Amino acid sequence: WMVYNSGLITLRELIIFPGSMISIKSSNLGKTDFINCDFSKAVLEFENSKVTEVFLSETNFPKQVINNGVLNYSQAQLAFGQFNTAFQNQGDTIRALEYQSREVEAHYNNLKRWYLTKFPWIDFNKINLWLNKWSNNFGRYWARGIIFTFVVAFVFFNLTINSTDKYDFAFHFNVEMVGP
């Protein structure tokens, strides 16, 4: 059966109980409006669907995507990338960045594990994403990124100073006693 809905569906303040399932499978949600819906405590089952044209206002989706009862990072990447596009289209950059971060995190989890490959040091994508995850959690925490940068710079500065005989990195204090 092929059903084509060219109308506008609006869902407002939809209440989803924890553990309930939202299933979007082989669908095109078109211009559906989700207004003030909190799906964050539900389970999202997503499979090869189009949700780039939906309108999302104060709506949150779960952080994980399942398909046939198991976590599916490739479908999570697809879903979060489309939610990112939907938020960008309506100008909500804060939520767009959150879903972009979720998309990159799903991509990170979808890559083969580095210790399972024959030559783990060649997987530069995994190394880059790992550093991005630990330095700023995929763009979520800029302050953590700044701290990470200073810590890494300090470590490499010390390694450089300690590898040469010309320089000594130490603190020297001159303390003179006053009195008899």
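Our structure's up above, just so we're on the same page.
These notes cover the structure that comes with them. (Residues numbered from 1 in each chain as written. Predicted model: local features only at pLDDT ≥ 70, side-chain atom pairs only at ≥ 80, totals over all residues. Heavy atoms only, no water.)

### A look at the layout of surface pockets
Estimates place the volume of the second largest pocket at around 200 Å³. Forming the boundary of the second largest pocket are 13 residues, of which K63, Q64, Y73, E105 and N109 lie nearest the centre. Of all the secondary-structure elements, those providing two or more residues to the lining of the second largest pocket are α1 (73-89) and α2 (93-110). Ranked by residue count, the leading element in the lining of the second largest pocket is α2, at 4 residues. Partitioned by chemical class, the residues of the lining of the second largest pocket number 6 nonpolar, 3 polar and 4 charged. (1 Å grid on protein atoms, 1.4 Å probe; cavity = no way out; pocket = protein on both sides within 12 Å on 5 of 7 lines; lining within 4 Å. Points joined across faces, edges and corners; volume = space filled by probe spheres on them. Helix = DSSP H or I, 4+ residues; strand = E, 2+ residues; numbered from the N terminus. Nonpolar A, V, L, I, M, F, W, Y, C, P; charged D, E, K, R; others polar.)

### Here's the deal with the packing of aromatic side chains
This structure, assessed with the given rule, holds 8 aromatic pairs. For the pair F34 and F39, a centre-to-centre distance of 5.9 Å together with 85° between the ring planes defines the contact as edge-to-face. In this structure F34 comes out as buried when scored by relative accessible area, which is 8%. The rings of F34, F39, F61, F80, F83, F87 and Y99 are connected pair by pair, giving a single aromatic cluster. Seen from the ring of F80, R102 lies directly overhead, with NZ or CZ sitting 5.6 Å from the centre. When the ring centre of Y99 is taken as reference, the NZ or CZ atom of R102 above it lies at 4.4 Å. (Phe/Tyr/Trp six-rings, centres within 6.5 Å; stacked < 30°, edge-to-face > 60°. Buried < 20%, exposed > 50% of the residue type's maximum accessible area, 1.4 Å probe, protein only. Lys NZ or Arg CZ within 6 Å of the ring centre and 35° of its normal.)

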